Amino acid sequence: MTEHEHYEAVVVGAGPGGAAAAAALAQNGVETLVLERGVDAGAKNVSGGLLYAEESAPYTIDGLFSDFREEAAERPVTDYYLHNVAGRNVKSFDITDLHEHDTAWSDAVLRRKMDSWLAERVHEKTSETGGGLLTEVRVNGLLRENGEIVGVTCDELDPIRADVIVAADGVNSELARDAGLMDWEEPEEWFQGVKAVVDVPSDVIAERFDVSEGEGAAHLFSGDLFDDVRGGGFLYTNEDSLSIGTVFHLDSLVAEEAEPHELLDNLLTHPLLADWMEGHYDEVEYSAKLVPDSKKVAHPSPHEGRLLLVGDAAGQMQAQGPIIKGMNHAVSAGALAGEAFAEASMRGTPERAGELYERKLNDEGVMKKLRPAGYKVTSALGEHEAVTNVVDSVLTSGVGRRAVRLLGSQLESLYSSPYLSQIVPDTRTPYVTLPTVIAEELGERVEGTSDVEPKSLLDRIGDLTYDTDVGNPHIELQDNSVEASGAAVTACPVSAKDFGGGCYREETVKTNGSEEKLISLDTQPCVECGTCAIVADTEWEHPRGGKGVEFREG
Amino acid sequence: MHSVVLTKGVPDFREGQVSFDEDGHLERGRTPTVMNPNDAYALQAALQTKVKHGGTVSVMSMGPPGYESVLEEAMGIYADDLYLLSDREMAAADTWSTAITLSAGIEKIGQPDLVFAGFKTADGETGQTGPQTCWCLDWPIVTHVISMEIDEENDRLRAKRLVEGDADEIETVESPLPTFVVTDPEYEPSYRRAEHRLRHKQLKSETDERVDNYEDHLTTWSAEELDLDPDFIGLDGSPTIVSSVDPIPKAPAEREATMVEPTDEEGMSEVLEEMTPLAGGD
């Protein structure tokens, strides 16, 4: 047998976390190989997506990749609004101040364009150190020797040894699971986002959102338009499209048996959006993604031997209050991981890279943002159903309503408090009850009618590009009982009750005169979000390199 | 490793490209000439050799000056230089005189380690030119190759080939270099090392630049330059006699069809009745 190939560093995944890690490694002269499973970097990636550059961050994407904003990003967000919705009543808060807190800049991005641009730069940088970036290679696990992690195994390549492995392989990281650092058990640790990208000409965006060139808007939505599911909606302006989506707590989606695509449709067809979209509803891509809730799952010690986790793979996704930051933390973490390995190697102790990486995450304040101390207190106090019920019944009572009326315009500044936004408890109060009461008490009625006709799930699936790995499904249903896997029928963003064209469906099977309901799976329309891996009993892995869904927008 | 890949320009037989006249004869003037599709596998095999062992890939074709576009296409599959053997004297050659001409070209290039040819051309479909060229060179030949590796230390080719006519039967053969390889359409290049894929990627970007200026890498040789005896090339050197050409039988221009609307229940049940016996496979 021939010797295994060896690289000093192997980075798995070419999203912003992987790109930042590779850039930092290459800058330090480390021979770096980057492996990406999509046909192109970004082909497997979805985000809301706003990318922040924080003033306090140790690294920003444009610091690592010059011209990033000009070449790879969409519009910067210069206006930021939160809309409290109750039926047709809407109370809007301008929370641009909160958005600008600690923000050097913040741009809307589309991941295919962004990641593929980054990948080219990464390939240039890493080629100079004897490595490079390869697409269509799926890393499927860790290579171990005497129990120690020494490299990676791949579908398309023979095993590769490395002195350090940076796992930037996303929210459903196979390496993090292989190392036992993350699990896929609890729905309450995750959010699920779905998004529609809608083509709108640049001049129409400028006129309807009142933004000039080099300006853009972000709008958030919460209240009663999502059938009591905890979460909210967003709308971001790209150069010549809109990213419109929803993000919900996965446990809440499961509990309410809500259909994610229908909740998205609730937002798309709300009269508040009618003026923005009238005559311009051209949905070009439907996508979905799981989002880790860093408050609960950001790994305090995201490393094991030579393996360092960055970004979503380490749960580094901060969704606190109305501000959602993920990619920026992945960038910081990626670059810190690269820096940590370079420093540790220079000292002759490359095996201490993980430890050093962890210290840097703490010293640079990244961990503090991901797991704010204040949240621990409010979650301990407030995240109990009984407490939520009391709070909600007070809020919806005359007393609560009077308080909301009295607070009036002060609510806007409360909503703009960076501190408060960090400690908001994960209950229906801030997502549903409070916004609804605010809208009912302080809101104005929105007239107008939406002419938006959202696409059917069938059309949405039909519009996506798939290269199905025929005969080699990447998910296997382990338990097809309704109890074990029934939640996937509704929670899967490309499945629905009474819909035969999705991944999961309910079937009535007659045996010996008795009827039984069973769940069946067809992975062809899968968007690889990973929802079913958490809510159903499945054997879940990624498709081989280049196979499966290919996002064009992302 | 120096490889030479033989290629031929053929009519583009894809639907929408190819034109036939009323008698069912191919209209060459109205049908674009493209690289013989099977030759892409030969190029892939040569590329694999270059990726894993370095060296260069030359592409050679015999044909009229218009073949340059074919060579441009071949260049896109990572060729380094192009050779066009082009002369009025070479025209109307059968496989025999073509083989003599090509082997002279290969010998003029020098002493390559490998010569690759694709399996059959889309127009003649004889599958003779490759083996006959090899016969002229007096080299060993391995045909129907579906995968291959080079053992550089021992100067040997190790190849998997389909045992002719049976896709399920695969044999592994070895041959000393230089050797002649005919790739099968089942040929699959294999790159299991990252360094090879990185090299492949680098070659791609280098090739993309070369394609734009493919003429700079093109050498054209005449019969005289190849020192060929006019009696052994072109029509004069071709012992093959075409006795007749049968036009391609035409499909009937009009078929009988009855339209039945899905809502027409009576019509649909008639369709069902007609189809039921067919469903049984009778």
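Reading the values: the criteria
Residues numbered from 1 in each chain as written. Chains lettered and ligands numbered in written order. Predicted model: local features only at pLDDT ≥ 70, side-chain atom pairs only at ≥ 80, totals over all residues. Heavy atoms only, no water. Helix = DSSP H or I, 4+ residues; strand = E, 2+ residues; numbered from the N terminus. Rg over C-alpha atoms; globule rule 2.2 N^0.38 Å. Buried < 20%, exposed > 50% of the residue type's maximum accessible area, 1.4 Å probe, protein only. Contact = heavy atoms within 4.5 Å. Patch = residues over 30% accessible without salt bridge, like charges linked within 9 Å, V, L, I, M, F, W, Y side chains within 5 Å. Areas by Shrake-Rupley, 256 points an atom, 1.4 Å probe, with all protein chains shown as cover. Salt bridge = Lys/Arg side-chain N within 4 Å of Asp/Glu carboxyl O. Lys, Arg positive; Asp, Glu negative; His and termini not counted. Charge placed at Lys NZ, Arg CZ, Asp CG, Glu CD. Buried area = accessible area lost by both parts, 1.4 Å probe. Polar contact = N/O pair within 3.5 Å; in protein donor to acceptor, adjacent residues only side chain to side chain. Pairing = 2+ DSSP bridges. Core = buried A, V, L, I, M, F, W, Y, C linked by side-chain atoms within 4.5 Å.

### So, the overall build of chain A
Each helix and strand counted, chain A has 24 helices and 26 strands in total. Relative to the 2.2 N^0.38 estimate, which gives 24 Å for 554 residues, the radius of gyration of chain A is 23 Å and therefore close to what a compact globule would have. For chain A, the spread of C-alpha atoms along the three principal axes comes to 75 × 65 × 50 Å. Going through the 554 residues of chain A one by one, you find that 60% of them count as buried. Summarising the internal contacts of chain A: among those between residues at least 6 apart in sequence, 75% fall at separations of at least 24.

### Quick word on unusual backbone geometry
In this chain, Gly48 of chain A is followed by Gly49 of chain A through a cis amide linkage whose omega measures 5 degrees. With respect to the helices and strands, the residue Gly49 of chain A is situated in the loop between β2 (32-35) and β3 (50-54). Leu177 of chain B connects to Pro178 of chain B through a cis peptide bond whose omega is 0 degrees. In this fold, Pro178 of chain B is placed in the loop between β9 (170-176) and β10 (179-183).

### Regarding a negative patch on the surface
Residue and element names in this part refer to chain B. A surface patch of like charges, here negative, comprises Glu72, Glu73, Glu206, Glu209, Asp212, Glu215 and Asp216. Taken together, the elements giving at least two residues each to the negative patch come down to α2 (68-75) and α5 (194-212). With three residues, the single largest contributor to the negative patch is α5. Positionally, Glu73 belongs in helix α2. According to the relative accessible area criterion, Glu73 is partly exposed, its value standing at 38%.

### Overview of the interface of chain A and chain B
It is common to give the size of an interface as the accessible area that goes away when the parts come together. Residue-level contacts link 17 residues of chain A with eight residues of chain B. Around 1100 Å² of area is buried between chain A and chain B when both sides are counted, 50% of it from carbon and sulfur atoms. Its largest share of buried area at the contact with chain B, chain A owes to Glu5, Leu134 and Asp158 of chain A, together 42% of the area lost on that side. Connecting chain A to chain B are one salt bridge. In this structure, Arg192 of chain B and Asp158 of chain A form a salt bridge, with 3.1 Å as the shortest nitrogen-oxygen distance. The interface formed by chain A and chain B includes ten residue pairs in polar contact (both at pLDDT 80 or more).

### A closer look at the side chain of Lys295 of chain A
In this structure, Lys295 of chain A sits in helix α11 (residues 294-297). Discounting chain neighbours no more than four positions away, the residues touching Lys295 of chain A are Ala319, Gln320, Leu370, Arg371, Pro372, Tyr375, Gln422 and Asp426 of chain A.

### Focus: the pairing of strand β5 (residues 89-94) of chain A
Residue and element names in this part refer to chain A. Where strand β4 (residues 79-86) lies against β5, six bridges are found, and the strand directions are antiparallel. Paired with Val85 across the strands is Val90, a residue of β5. What sits between β4 and β5 in their antiparallel hairpin is a turn of two residues, with Gly87 showing a positive phi close to 60 degrees. Where β5 lies against strand β20 (residues 444-445), two bridges are found, and the strand directions are antiparallel.

### Quick word on the environment of Gly63 of chain A
Residue and element names in this part refer to chain A. With respect to the helices, strands and loops of the structure, Gly63 is situated in helix α2 (residues 61-64). For Gly63, a relative accessible area of 61% corresponds to the exposed category. For the pair formed by Gly63 and Ala20, sequence separation is 43 residues and the distance between their alpha carbons is 9.9 Å.

### Let's talk about the nonpolar core
All names here are of chain A. Counting residues in each nonpolar core, the largest one holds 66 residues, and the members touching the most others are Ile244, Leu273, Met277 and Tyr504. Ignoring sequence-local partners within four residues, the contact set of Met277 consists of Arg208, Leu242, Ile244, Leu268, Asp451 and Val452. In terms of nonpolar packing, the next biggest core, distinct from the first, is built from 52 residues, Met114, Leu118, Val310 and Leu361 among them.

### Side note on the pattern of salt bridges
Residue and element names in this part refer to chain A. Enumeration over the complete set of coordinates arrives at 51 salt bridges over all chains. One salt bridge connects Arg37 with Glu528, and the closest N-O pair in it is separated by 2.9 Å. With Arg37 in the loop between β2 and β3 and Glu528 in the loop between β24 (514-521) and α24 (531-535), this residue pair connects regions lying 491 residues apart in the sequence. As far as burial versus exposure is concerned, Arg37 and Glu528 are alike and both buried. Two residues, Glu343 and Arg347, come together in a salt bridge whose shortest N-O distance is 3.4 Å. Judged by its relative accessible area of 55%, Arg347 is exposed.

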